[in-house]
Amino acid sequence: MRALNISIVGATGAVGAELLKLLEESRIPVNRLRLLASSNSGGRQLRFRDKICFVEPLGEIGDLKADIAFFSAGGAVSATWGPLFAAQGALVIDNSNAFRMNPDVPLVVPQVNPSALSDRPRPGIVANPNCSTIQLVRALRPLVTALDVHQIIVTTYQAASGAGLVGIDELRNGTRAVLEGRSGPPAERFPVSLAFNVVPQVGEIGSEGVTLEELKLLQESRKILAMPHLRLTSTCVRVPVVNGHSEAVYLEFEKPVCLEQVHELLAQEAGVRLYADGIREGYPTPRFITNPEDVHVGRVRVNPENPRGLWLWVVADNLQVGAALNALLIAQLAIANRVIGGI
């Protein structure tokens, strides 16, 4: 396999920094790496495999040629620049919401629907799902494949890092202000201050009272799982956690569910760590999870009032599992399936 030319758009953001680290640790051979960001980050120096790379302002470059172009700079940037990179031959792997529901663009979680990227997509773009969706479908896959699900109810507890470095800074600055007895700066990245708070809104609220994040969970899960009629409803909540999303997931099946079968299905799922014994093993929490490439599942229990109901507690590193790692796995899948030109 030849060494690849790779561009990272949004290289200085939270996801871009994580992707750069994961790419460095991977076995993907890199010929030329271009780090692209806004003009504010132009000229910054970042290290990659014992070399210094300079960050280039995206708006000032002329050559868009690459084998793979990772995008983690927001939907507006992706919508404008993604097709331009793809037109120059790059396989664009986009982390925004710009293309996810485009029927010609595969929405891929490699552990769940790898066949979606068996061929090069016509637009030259692959969509990386939303962070909360990725960990959910990775935990759901073995259950909805083996059992007939009636409906799913999800409550998410999403970290500040889901709003990027600005979100992390806003949480930290607000927390410091409260501890010092100050009012602190006004909320910008969140609807209200997140410090010592819980905010039941992630994304804009639509006309029916559903937020964009809640809509993403439904639409993206249906597309990834190839279950267009999946009944799923959610409430997405932002919590004062720096990194790591958590989800309380309630599944109701058509028939009574066997806890032992659920344990077996989850324990055999690659990339899922099951905490089967809550007394001895405890349960996952975002601050203390190890193996950030895994989806962690605990508090697994059948509803004592309804033998068809099942509860799961699902935790994952949203910057890795929910963004950068999934993007890198998409790239590795694309390489393995030879959907990148010249491989």
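All of the points below concern the structure found in this document.

Parameters and conventions
Residues numbered from 1 in each chain as written. Predicted model: local features only at pLDDT ≥ 70, side-chain atom pairs only at ≥ 80, totals over all residues. Heavy atoms only, no water. Phe/Tyr/Trp six-rings, centres within 6.5 Å; stacked < 30°, edge-to-face > 60°. Lys NZ or Arg CZ within 6 Å of the ring centre and 35° of its normal. Pairing = 2+ DSSP bridges. Helix = DSSP H or I, 4+ residues; strand = E, 2+ residues; numbered from the N terminus. Axes fitted to C-alpha atoms, helices over the stretch in contact; angles between N-to-C directions. Contact = heavy atoms within 4.5 Å. Buried < 20%, exposed > 50% of the residue type's maximum accessible area, 1.4 Å probe, protein only. Parallel < 35°, antiparallel > 145°, perpendicular 65-115°, else oblique. Left-handed = near helix turned anticlockwise from the far one by under 90°. Nonpolar A, V, L, I, M, F, W, Y, C, P; charged D, E, K, R; others polar.

This brings us to the packing of aromatic side chains. Tallied over the full model, the rule gives three aromatic pairs. Over the ring of Tyr-275 we find Arg-273, and its NZ or CZ is 4.2 Å from the ring centre.

Right, let's talk about the sheet that holds strand 9 (residues 232-238) for a bit. Taken in spatial order, the six strands line up as 9-8-10-13-12-11 in an open sheet, and their pairing is mixed. Two strands in the sheet have a free side with no partner beyond their single neighbour: strand 9 and strand 11 (272-274). Adjacent strand axes in the sheet meet at a mean angle of 20°, parallel and antiparallel pairs treated alike. As paired elements, strand 8 (residues 149-158) and strand 9 share seven bridges and run parallel to each other. Paired with Thr-156 across the bridge in strand 9 is Cys-236. Along the sheet, helix 5 (residues 212-225) makes contact with strand 8 and strand 9, crossing strand 9 at roughly 140°.

Taken in spatial order, the seven strands make up an open sheet running 3-4-2-1-5-6-7, and their pairing is mixed. On the outer flanks of this sheet lie strand 3 (45-48) and strand 7 (125-127), each paired with one strand and no other. Across the sheet, the mean angle from the axis of one strand to that of its neighbour is 25°, orientation sign disregarded. Where strand 6 (residues 91-94) lies against strand 7, three bridges are found, and the strand directions are parallel. For Ile-93, the partnering residue across the bridge sits in strand 7 and is Val-126. Across the sheet, helix 2 (residues 75-87) lies against strand 1 (4-9), strand 2 (30-37), strand 5 (68-71), strand 6 and strand 7, angled at about 180° from strand 5, the strand it touches most. Against the sheet, helix 7 (residues 320-336) touches strand 1, strand 5, strand 6 and strand 7, its axis set at about 160° to strand 5.

Now for the pairing of strand 12 (residues 295-302). Sheet analysis places strand 11 next to strand 12, joined by three bridges and oriented parallel. In the strand pairing of strand 12, Val-272 is matched with Val-295. Inspection of the sheet shows strand 12 paired to strand 13 (residues 309-316) by five bridges, in the antiparallel sense. For Val-302, the partnering residue across the bridge sits in strand 13 and is Leu-310.

Here we take up the environment of Thr-80. Along the polypeptide, Thr-80 turns up in helix 2. For the pair formed by Thr-80 and Ser-38, sequence separation is 42 residues and the distance between their alpha carbons is 14 Å.

It is worth spelling out unusual backbone geometry at this point. Backbone geometry at Ala-226 places phi at a positive 55°, although glycine is not the residue there. Relative to the helices and strands, Ala-226 resides in the loop between helix 5 and strand 9. Overall, the relative accessible area of 61% leaves Ala-226 in the exposed class. Positive phi, close to 55°, is recorded for Arg-338, a residue that is not glycine. Note on placement: Arg-338 falls in the segment after helix 7.

It is the contact of helix 1 (residues 14-25) with helix 7, at a shortest axis distance of 9 Å, that shows an interaxial angle of 45°. Classified by the angle between their axes, helix 1 and helix 7 sit oblique to one another. You can see that helix 1 and helix 7 cross each other, and the crossing is right-handed. Packed against helix 1, whose contacting residues are Val-15, Glu-18, Leu-19, Lys-21, Leu-22 and Leu-23, the element helix 7 presents Gln-320, Ala-323, Ala-324, Leu-325 and Leu-328 at the interface. In the contact of helix 1 with helix 7, the residues fall into eight nonpolar, one polar and two charged.

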